[in-house]
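# Coordinates in review
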Amino acid sequence: PAQRPVLLAQRGLLLKRSGRNDQALRQYDEAVALLTEASPLDLVKVLNNRSLVHLEAGHVRLARADLRRCGQVAARHGLALHAALSRVNLGCMDVVAGDLPSALGAFSAARADYELLAPGRLASLAVERARALVAAGLFTEADRELAFAAREAAARRLSHTYADALQGRAEAALLAGRAQAAAQWAREARARFQGRGNIRRAALASLLELRAELATATEQTAAIALRGQSLARRLSPLGLPEDARVASLVAARALLQAGQVTRAGRAATRAGPPGRVDRLDTRLLWRLTQAELAAAASQPAGASRHLLAGMAALHRHRTQFGCLDLQTGAAVHGQDLARAGLAAALASGAPGAVYRWSERARAQALLLPTARPPDNPAVAAALEELRQARHRLRTRELAGRPVSGLRARIEALQRGIREQSWTAPGRRDAPAPSLAPLREIRDSLGGAALVTYLRDGPILRALVVTGDSVHLRTVGGYAAAEEAVLRLRADLDAQAGRALPGRLAAAVTAATRQDAAAVAAAVLSPLLAGLGDRDLVVVPTGILMTVPWAALPGCAGRPVTVTPSATVWRAAMAQRAADRQRDPGGPGRPAAILLVAGPGNARGDAEIRAIARLRPHASVLTGTAATPAATLAALSVADIAHLAAHGQHQAENALFSTLDLAGAPLLGYDLQQAGQAPLMVVLSSCDLGLTDVRPGDETFGMVTALLNAGSATVVASVARVADDTAMATMTGYHRAITAGIPPAAALAAALEGETSAGFVCFGAG
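In this report, the structure presented in the accompanying data block is examined. (Residues numbered from 1 in each chain as written. Predicted model: local features only at pLDDT ≥ 70, side-chain atom pairs only at ≥ 80, totals over all residues. Heavy atoms only, no water.)

### What to know about the sheet that holds strand E10 (residues 658-661)
Condition: The pairing criterion is simple: DSSP has to find at least two bridges between the two strands. The way it works is that DSSP assigns letters per residue, a run of H or I at least four long becomes a helix, a run of E at least two long becomes a strand, and they are numbered from the N terminus. Here a residue-residue contact requires only that any non-hydrogen atoms of the pair lie within 4.5 Å. Between the N-to-C directions of two axes lies an angle of 0 to 180 degrees, each axis being a line fitted to C-alpha atoms and, for a helix, fitted only over the stretch in contact.
One open sheet holds the three strands; their spatial order is E9-E10-E11, and the pairing between them is antiparallel. The open sheet has two free edges, formed respectively by strand E9 (647-648) and strand E11 (664-667), since each of these has just one partner strand. Here four bridges tie E10 to E11, and the two strands are oriented antiparallel to one another. Residue pairing in the sheet places Leu661 in a bridge with Ala664 of E11. Contacts from helix H28 (residues 628-635) reach E10 and E11 within the one sheet, and its direction differs from that of E11 by about 35°.

See below:
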């Protein structure tokens, strides 16, 4: 009799792993009834495993109750590993409940315990973390976790964890738009689950495979629909009603693509509306399907209503996050809704509708309340250690000395800092983003023109707005524009600060002129007839966020302001107007100016001295005084800041980009810790204007961090900059600013005749 509870629990585990959860639950219930704290280890194991059965059935309250009891028993009896297991599984509950910051915090906290007490479980922990990251929209980071999980599981022969990792990779690939890879991962996962006799997990893998095949299908979608309907009938009896609903919705969309509208409507009706606890992606898929059905029935108002409701649900999801990383990543979940809304608006040809959907489909994270992480001494210490480690690495590299384990330590610190930022809670009461009305934009433009670039499949279009007109124009192919921009930026990088041989220098200069002309032909020339000599406010899409506009024919001497969205531009202009008494040349107290020169920069001190002569009341930090700590403290009280230092954009995670200061670099993450940013920031350094552009044209980089922290204007370069070019441009810029010229016009004047500089005015010009 004493062994009976253990036998029941082991039988329950085998039944669960083969997908027979109802039978497993009966075994677990009987085992729990027989166990007491006289056998604490057996009790916590059964409670933990039963919670997972409850979770898969959607009984979150029962699952939480089991896990809380499990954690309490484990703590009372010193079972550290099982206490960690209960925390991890409570994190899984948080994923189901949609509290992703709490879930990610639980997973990070448990990793140290797993590494010490149960390294064999790290693969399963990575799978759970990846599920949370997929839900948060960070598909690249999720795939990295899953690749690690697959390697660990294969090495330890954990076949069920290996199959879990494959299925997770399929989910991440599908979210990333890599449908063919998703289908391959899903097929392999399905085969492995079938080999284990787990029909429930095999059916879920089949659903992922079906979704991936629909994403790549160009014909014969009726066959996909039949499989979807069959799969829905299999999923319901397996206790997976939400997944059955998804299968029916996939079938409905496949039928719509096959032109069978009536049958598609019946399939969607069978699916029914999403339940209260359904996942975000299920709710958004239902909205998308309903919108497509309404559009097929020539009911554009109904289609728009569903698309708007889906975007509102995505906004509510985004508000749970308290860091810019997750806020910008979340947009990927709404990309199909945004694409459908913009496509319908473009098809209508109505400029007002195109404007509204363009604004809804881009840069929504910057319309949320400023994301400022809470004070955390551990994070502050990690940032300081990271700064010092990066400084030592750079010093040793320049000296040709070995870097030993510095790179690994830097990667570990960066991972820890980033993961800690993910745990910051957002403001769930944040109101829906208020988009600037088109009439308000037109009234604010004065004599300038707003050019909003839009991707319509492979075609690049532009909405051109002036004070007295709104027009939709076809510009050309997006792929050609992307290629031309990359070539031009490479040209600028090649010639910046290098003493090239005469013939090579001439060849690079000629290539730069040629590629600048190609970029202009791809993005600007088709619009020039209607733009005249107006100043430009540019709302880019994708890689156009990194165009060096001043280098283009047609932009020489023309003020150009680049902004993530028209609404962001209008808000920045309003902020600048409200603070006009602190602007140079405006009434009220003089602006508080901060000038900083970093070390190892041949022109930094000279540049700062030249600007200081124009601004005699400025605070100046040079030499050993220009430390990160002193700079951050001064930034929080400055109205205008100019930082002349070497900079390095980090493509892997743009907030770890650096600005070299005395003793250590300043990081993008530091700017989020610093509080209110200056109204205007000038980064006189290489390529810190570059940004990671995520789905939904959500930008993530140094410029984004500053705009999010409160800066109205940021001047930065999207390419490497030669010292003499930076010196001349920056002194000319400040000379114009002190004369009362607005930032975009001041930069245009400073760059006139200079075709090898990548400086851009971001935000409000």
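Let's pick the thread back up.
### As for the side chain of Thr631
As for its placement among the helices and strands, Thr631 is situated in helix H28. Filtering out sequence-adjacent residues up to four positions away, Thr631 remains in contact with Leu594, Val596, Leu621, Ala626, Leu643 and Leu661.

### Section: the pairing of strand E4 (residues 536-539)
Rule in force here: Each residue is assigned to one of three classes by its accessible area relative to the maximum for its type, calculated with a 1.4 Å probe on protein chains only: buried under 20%, partly exposed between the two thresholds, exposed over 50%.
Burial of E4 is two-sided: the residues Leu536 and Val538 facing one way and the residues Val537 and Val539 facing the other way are all buried. Two elements, strand E1 (residues 449-456) and E4, share four bridges in a ladder whose sense is parallel. Following the sheet pairing, Ala449 is matched in E4 by Leu536. In this sheet, strand E5 (residues 560-562) lies alongside E4 in parallel orientation, the contact comprising three bridges. Residue Val537 lies in a different strand from E5, and its bridge partner there is Thr561.

### Some remarks on the pairing of strand E12 (residues 680-684)
With five of five residues buried, E12 lies mostly within the body of the structure. Relative to E12, strand E8 (residues 640-644) runs parallel, the two sharing five bridges. Residue pairing in the sheet places Leu643 in a bridge with Leu683 of E12. Judged from the three bridges that link them, E12 and strand E15 (residues 713-717) form a sheet pairing that is parallel. When the sheet's bridge partners are listed, Val682 is paired in E15 with Val715.

### Brief notes about helix H30 (residues 702-709)
Taking burial as the measure, the eight residues of H30 include eight buried ones, the bulk of the element. When we look at burial in H30, the residues that qualify are Met702, Val703, Thr704, Ala705, Leu706, Leu707, Asn708 and Ala709. A positive phi of about 120° marks Gly710, the residue just after H30.

### Structural notes on the sheet that holds strand E7 (residues 619-621)
Pairing is mixed across the open sheet formed by 11 strands, whose spatial order is E3-E2-E1-E4-E5-E16-E15-E12-E8-E6-E7. In this open sheet, the two edge strands, each paired with only one partner strand, are strand E3 (469-477) and E7. Averaged over all neighbouring strand pairs, the angle between strand axes comes to 20°, with direction disregarded.

### Here we look at the environment of Arg11
Mapped onto the fold, Arg11 is located in helix H1 (residues 4-17). Taking relative accessible area as the criterion, Arg11 reaches 42% and is therefore assigned partly exposed. Between the C-alpha atoms of Arg11 and Arg50, which are 39 residues apart in sequence, the distance is 12 Å.

### Here we look at the packing of aromatic side chains
In plain terms, the rule: Pairing of aromatic rings covers Phe, Tyr and the six-membered ring of Trp, with a centre-to-centre limit of 6.5 Å; geometry is then stacked below 30 degrees between planes, edge-to-face above 60, and tilted otherwise.
In the structure shown here, the tally under the stated rule is two aromatic pairs. Aromatic pair Tyr453 and Trp549: ring centres 6.3 Å apart, planes at 25°, arrangement stacked. Here Tyr453 is found in strand E1, whereas its partner Trp549 is found in the loop between E4 and E5, with 96 residues between them in sequence. Residue Trp549 is classed as buried on the basis of its relative accessible area, which comes to 2%.

### A look at the environment of Thr423
This is how the line gets drawn: Each polar contact in these results corresponds to two N or O atoms within 3.5 Å; when the atoms are within protein, one needs to be able to donate a hydrogen and the other to accept it, and residues that are neighboring in sequence are counted only if both atoms are side-chain atoms.
For Thr423, the position within the fold is in the loop between helix H21 (406-422) and helix H22 (438-445). It is 45 Å that separates the C-alpha atoms of Thr423 and Ala749, two residues lying 326 residues apart in sequence. Setting aside anything within four residues of it in sequence, one finds Thr423 in contact with Pro101, Leu104 and Gly105. Here the side chain of Thr423 touches Gln420 through a polar contact of 2.7 Å, landing on its backbone oxygen.

### Notes on helix H6 (residues 100-117)
Basically, it comes down to this: In this analysis, the expected span of each helix is defined as 1.5 Å times one less than the number of residues it contains. Bending is quantified residue by residue as the angle between axes fitted to the seven-residue window ending at that residue and the seven-residue window starting at it.
Its 18 residues give H6 an end-to-end C-alpha distance of 25 Å, which sits within 8% of 26 Å, the value for a rise of 1.5 Å per residue. Along its length, H6 reaches its greatest deviation from straightness, about 30°, at Arg111. Looking at H6, one finds that the buried residues are Leu100, Pro101, Ala103, Leu104, Ala106, Phe107, Ala110, Arg111 and Tyr114. Here the buried face of H6 lies against helix H5 (80-97), helix H7 (122-136), helix H8 (139-155), helix H16 (300-318), helix H17 (324-329) and H21.

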